[in-house]
2 protein chains.
Amino acid sequence: MIRVAVDAMGGDFAPEEQVKGAMLAIKRYDDIEITLYGKKEEIEKYLTDSTRITIEDCREVIPMDTHDPRGAIRGMKDSSMTRAMMSLVEGKNDCMCTSGPTQALIVGALLVVRRMEGFMRPALVPTIPSLTTDGTLILDCGGNLDIKPEHLVQQAKFAVTYCKEVLHREDPKVGLLNIGTEEGKGREFENECYKLLKESGLNFVGNVETKQILEPPCDILLSDAFTTNMVVKTVEGTAKSIGKILKSNLKRGFFGKIGALLSMKNLNRFKQEINPDNNGGAMVIGVKHPLVKPHGSSTAITFSYGIGKTSDMVRGDVINKVAQLLKEEGEIKNE
Amino acid sequence: MIRVAVDAMGGDFAPEEQVKGAMLAIKRYDDIEITLYGKKEEIEKYLTDSTRITIEDCREVIPMDTHDPRGAIRGMKDSSMTRAMMSLVEGKNDCMCTSGPTQALIVGALLVVRRMEGFMRPALVPTIPSLTTDGTLILDCGGNLDIKPEHLVQQAKFAVTYCKEVLHREDPKVGLLNIGTEEGKGREFENECYKLLKESGLNFVGNVETKQILEPPCDILLSDAFTTNMVVKTVEGTAKSIGKILKSNLKRGFFGKIGALLSMKNLNRFKQEINPDNNGGAMVIGVKHPLVKPHGSSTAITFSYGIGKTSDMVRGDVINKVAQLLKEEGEIKNE
């Protein structure tokens, strides 16, 4: 059994969606058991089936809009998020899923769960939709904006291992986000990354322009955290605005109305495809246990995919495989 | 009469679309006259109505894929682009429109047309679609990636003057692209820009996240050239990919097909709205004469809007007004 720690109180619609999501996940995956961390009396309101689900009562909740994530992680020892993290460290659980505040998650990942030995810069890695694969991993998305090229290359290695072991993609391809495809384009940062990636032994496809953001020639896209943030939110914003235009246009005029009605089913399928939540959310890489963060506004179904994703990282033994890789590369360096 | 220099040979479909675009523009604007620069015999193939249009025969064309824009501008003195630029300097024309290679245009803008006195960093400024206004100006989009905050603020002042005088927007709002809305977010660059913008006397609305890229709370968005490039191309790429998904989804199944047929008219209207070409293309700011660049792949109609836009800059007397502003601010500094 894979033991999943679930922060039942993190999320805009917690604990209802988190508890319902846990029950959904139990039905979908028969090799998991879940511990829900949170206020017992609130969780019990929604827990209609406790098959392979237990509750650990916690009296505190880190607020979604916390301005002091460091203070929250350090000070609120009985919060659902901290307790779930501690359970990983204590060996009670194998992986964790939370829709709680991202900055608190990142701080907790570093302070409580801790970095993998030899891993320089843990990162948050969302998956964005892709027309060429079933999703593109994009990184670095950390809170810290300054990153060195060697950090990024190490993160890429983690992402490649994830793609192989969990997504079962053979020889995953890595691309560098840049303003042009030719070598030599971009800032000093891009040029250094390009050089390191070429020598890294990874399947590096070179520079990728953001024109191809949703249909890149690779599985993994790399950039600094500032740029990645700008690009991911641009995709989100553009999709949302196009949806609005489309909706208002489809409803214009008599034929538009009929067309809209008939197209509704197909439009909904389109929304599903573009919805980044269906891939389970972002994962934290470079720490000692799998942590996955579905959107704060996750519904039960979205959250259940997050539980699936974090348990997938255990199934694929991703962290041990990356640790092995780091060790081997360390040995190579020592020779 | 406003005298417009048109590079008839620049563009993927030149000279056909450029010549047809010129004839369209003549019909739309009764206060312009056009000189077409390019190979006379090729232009004459498409010029079916020469009302207020003359041809200046040029024997060279800067290739769309030139790898040496500097060499091209310096060496090809009889190219359609260089000759059109020279006509501005010689006082034969008031403004120019070209769909030729962007890098050559930028080099030519600096070497031939030249910077306005006191303007530190000319920039290429595209307009992206907006749901809140009829378009957002986004800059810096130069070829040079390192920009100082004071350059960006000066560029913003040009953009504000353009919004006032050409787009007739009262008190145009300026926003800074950033990873969060609170002051203090982002890199050192964003923090310096924020400080300068607050003190600039401009109507500064603060940081804007790219989630709002197509419906920002402002008329003008600022960032460094690397980020702007990434963001603009992400909008482009996302819109294109969504179009693809939509098309394939709308055609799925029987009802989807009927829906697609009935929605076609509305979908086309949507495409028009999202199409960045309808605003005439990008303009070069900070040089002595108006230069506008519709997309390389412009059709006649798109190109005609570009001619409209460059002549609008003359109608709005934008360059003289910015020059006046620079002078006044220079005087203020000297006191």
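It should be noted that the structure appears before, not after, this text.
Summary of the structure given here. Here the structure is a predicted model, which is why all the values come from computation and not from measurement.

As for the packing of helix 1 (residues 16-28) of chain B against helix 10 (residues 300-315) of chain B
Residue and element names in this part refer to chain B. Relative to each other, helix 1 and helix 10 sit at 55 degrees, their axes nearing to 7 Å. In terms of their interaxial angle, helix 1 and helix 10 are classed as oblique. Judged by the twist between their axes, the crossing of helix 1 over helix 10 is right-handed. Contact residues: Glu-17, Gln-18, Lys-20, Gly-21, Ala-22, Leu-24, Ala-25 and Arg-28 in helix 1; Ala-300, Ile-301, Phe-303, Ser-304, Tyr-305 and Ile-307 in helix 10.

Overview of unusual backbone geometry
Residue and element names in this part refer to chain A. Following Leu-139, the chain continues into Asp-140 via a peptide bond in cis, with omega recorded as 0 degrees. You can see Asp-140 is positioned in the loop between strand 7 (136-139) and helix 6 (149-165). Here Arg-114, not a glycine, exhibits a phi torsion of approximately 75 degrees, which is positive. Turning to its location among the elements, Arg-114 is positioned in the loop between helix 5 (102-113) and strand 5 (123-125). Not every positive phi belongs to a glycine, and His-168 is a case in point at roughly 55 degrees.

A word on the side chain of A:Arg169
Residue and element names in this part refer to chain A. With respect to the element layout, Arg-169 can be found in the loop between helix 6 and strand 8 (173-177). There is a polar contact of 2.9 Å between the side chain of Arg-169 and the backbone oxygen of Gly-135. Apart from residues lying up to four places away in sequence, Arg-169 is in contact with Thr-133, Asp-134, Gly-135, Cys-163, Lys-164 and Asp-219.

Some words on the sheet that holds strand 5 (residues 123-125) of chain B
All names here are of chain B. Pairing in this open sheet of seven strands is mixed, and the strands run 3-2-1-4-12-11-5 from one edge to the other. Every other strand in the sheet has two partners, leaving strand 3 (53-57) and strand 5 as the edge strands with one partner each. When the angles between neighbouring strand axes are averaged without regard to direction, this sheet yields 25 degrees. Here strand 5 pairs with strand 11 (residues 282-285) via three bridges, running antiparallel. Each bridged residue has a counterpart across the sheet, and for Leu-124 the counterpart in strand 11 is Val-284.

Focus: empty space enclosed by the protein
All names here are of chain B. Taken as a whole and assessed by the stated rule, the structure comprises one cavity of 30 Å³ or more. In this structure, the largest cavity occupies an estimated 30 Å³ of space. Along its surface, the largest cavity is lined by Met-23, Ile-26, Lys-27, Asp-49, Thr-51 and Ile-53. Element by element, the count of residues in the lining of the largest cavity is highest for helix 1, at three residues.

Things to note about helix 5 of chain A
Residues three or four positions apart in an α-helix share a direction because the helix packs 3.6 residues into each turn. All names here are of chain A. Every buried residue belonging to helix 5 is among Ala-104, Leu-105, Ile-106, Val-107, Gly-108, Ala-109, Val-112 and Val-113, and all of these are buried. Taken together, the buried residues of helix 5 touch helix 3 (69-75), helix 4 (80-89), strand 5, strand 11 (282-285) and strand 12 (291-293). Downstream of helix 5 by one or two residues, Arg-114 has phi in the positive range, about 75 degrees.

Each value, and the rule that gives it
- Residues numbered from 1 in each chain as written.
- Chains lettered and ligands numbered in written order.
- Predicted model: local features only at pLDDT ≥ 70, side-chain atom pairs only at ≥ 80, totals over all residues.
- Heavy atoms only, no water.
- Axes fitted to C-alpha atoms, helices over the stretch in contact; angles between N-to-C directions.
- Helix = DSSP H or I, 4+ residues; strand = E, 2+ residues; numbered from the N terminus.
- Parallel < 35°, antiparallel > 145°, perpendicular 65-115°, else oblique.
- Left-handed = near helix turned anticlockwise from the far one by under 90°.
- Contact = heavy atoms within 4.5 Å.
- Polar contact = N/O pair within 3.5 Å; in protein donor to acceptor, adjacent residues only side chain to side chain.
- Pairing = 2+ DSSP bridges.
- 1 Å grid on protein atoms, 1.4 Å probe; cavity = no way out; pocket = protein on both sides within 12 Å on 5 of 7 lines; lining within 4 Å.
- Points joined across faces, edges and corners; volume = space filled by probe spheres on them.
- Buried < 20%, exposed > 50% of the residue type's maximum accessible area, 1.4 Å probe, protein only.

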